[in-house]
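Chain and residue survey
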Amino acid sequence: MQFHELKTSGPRKLKLSEMGFGGAPLGNMHRALSEEEAQATLQAALDSGVTYFDTAPLYGHGLSEMRFGEALRSLPRESYQLSTKIGRYLEPCAPGDEDAGIFVDVPHFKPVYDYSYDGVMRSYEDSLKRLGIDTIDILYIHDVDIWTHGSKEASDRRIEEVMSGGYKAMETLKASGDVTAIGAGVNEWEVCQRLTELGDFDGFLLAGRYTLLEQEALNSFLPICEEQNIGIILGGPYNSGILATGAIEGAIYNYHPAPPEILERVAAIGRVCDAHSVSMASAALQFPLAHPAVVSVIPGAISSDEVTRNIATLEAKIPSAFWDDLKSEKLLHPDAPTA
């Protein structure tokens, strides 16, 4: 396992494993996991050399954070890097009122949006309690995007809310040493680019927007990251699954059944993969890491077998001619780094 540095504006630098562990599946995303399954999965990641773990209060309404804490809190603190997120705190609720969305069998809490100074401090302190850990390496603003809030106007209001309140709380936590790096975890590169104009951020967890399927971020956002030494942690490298499964019937893209134009593009990528005997999943995991701004990719996993498979997928050899053919077929941005 290789490691890449996430530069920060503070005195401490962070080295993240190039493959991290995304914690949404351990919050019972789509299906319930037993505690034994969750802990076995996390142990497999640790045994494989993964040292960077990402979670959030939203994931299973606190369940993912509690499971991470169980796995990590007994380890030397310097042996792993941990990120979580602010923007929602969890409020106790009656059974059935959890509004769990894609998560199932969650504790009886419902998320409440709050990007204010006090809301961020409350969310941070609550996360520490669930984790049983006294510091967070990276604290992300969570979901101030159109994807989550439904319109650009609503997204802009949340950005204004966090920058006038919650961002100041994050700066306070960083200045005190409780947090090493701050950033945002969102589904849209445009929001990340907007935030670079408004604050001093160390990194962004960008879900699914710089992948084998999508490279629009190369045109403006990623050059800004290079110029400002902002690191990218790439979540959702399989675009919710389709880059792992290929263009099969029922393939999932952005958490929904893939539309015809996406299926066609993935099928075309699949033909190039077949011609070079390259696994599409391997290409999907390895492609983002070739960009100098990308520090880590964080696929999720729900079993130790999936962890092992992700490691093998990351380490598989891919010939340079494969990337050349993708570009010649106009299936990859002509300026995309591939080595």
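Quick caveat, the model's predicted, so the values are computed rather than measured.

Right, let's talk about helix 5 (residues 152-176) for a bit. An ideal rise of 1.5 Å per residue puts 36 Å on 25 residues; helix 5 measures up with 34 Å between its terminal C-alpha atoms. Buried residues of helix 5: Ala 154, Ser 155, Ile 159, Val 162, Met 163, Gly 165, Gly 166, Tyr 167, Ala 169, Met 170, Leu 173 and Lys 174, and no others. For helix 5, the secondary structure elements touched by its buried residues are strand 5 (81-86), helix 3 (117-131), strand 8 (136-142), helix 4 (146-149), strand 9 (179-186) and helix 6 (189-198). Looking one or two residues beyond helix 5, the residue adopting positive phi is Gly 177, at roughly 90 degrees.

It is worth spelling out empty space enclosed by the protein at this point. In the structure shown here, the tally under the stated rule is 1 cavity of 30 Å³ or more. The volume enclosed by the largest cavity comes to roughly 40 Å³. The wall of the largest cavity is formed by Met 19, Gly 20, Phe 21, Pro 299, Gly 300, Ala 301, Val 307 and Asn 310. Broken down by class, the residue content of the lining of the largest cavity amounts to 5 nonpolar, 3 polar and no charged.

Turning our eyes to something else, we now look at the pattern of salt bridges. Using the criterion set out here, one finds 14 salt bridges in the structure. One salt bridge connects Asp 137 with Arg 77, and the closest N-O pair in it is separated by 2.8 Å. One end of the pair, Asp 137, is in strand 8; the other, Arg 77, is in the loop between helix 2 (63-72) and strand 5, with 60 residues separating them in the sequence. For Asp 137, a relative accessible area of 2% gives the class buried. One salt bridge connects Asp 143 with Arg 88, and the closest N-O pair in it is separated by 2.9 Å. Of this pair, Asp 143 sits in the loop between strand 8 and helix 4 while Arg 88 is found in strand 6 (residues 88-92), placing the two residues 55 residues apart along the sequence. The network of salt bridges with shared partners includes Arg 12, Arg 77 and Asp 137.

Of the pockets and cavities examined, the second largest pocket occupies roughly 300 Å³. Met 1, Gln 2, His 4, Glu 18, Gln 286, Leu 289, Ala 290, Leu 314, Glu 315, Ala 316 and Lys 317 together form the lining of the second largest pocket. Contributions of two or more residues to the lining of the second largest pocket are made by helix 10 (280-289) and helix 11 (304-315). Among the residues making up the lining of the second largest pocket, the classes are represented as 5 nonpolar, 3 polar and 3 charged.

Rules used throughout
- Residues numbered from 1 in each chain as written.
- Predicted model: local features only at pLDDT ≥ 70, side-chain atom pairs only at ≥ 80, totals over all residues.
- Heavy atoms only, no water.
- Helix = DSSP H or I, 4+ residues; strand = E, 2+ residues; numbered from the N terminus.
- Expected span 1.5 Å × (residues − 1).
- Buried < 20%, exposed > 50% of the residue type's maximum accessible area, 1.4 Å probe, protein only.
- Contact = heavy atoms within 4.5 Å.
- 1 Å grid on protein atoms, 1.4 Å probe; cavity = no way out; pocket = protein on both sides within 12 Å on 5 of 7 lines; lining within 4 Å.
- Points joined across faces, edges and corners; volume = space filled by probe spheres on them.
- Nonpolar A, V, L, I, M, F, W, Y, C, P; charged D, E, K, R; others polar.
- Salt bridge = Lys/Arg side-chain N within 4 Å of Asp/Glu carboxyl O.

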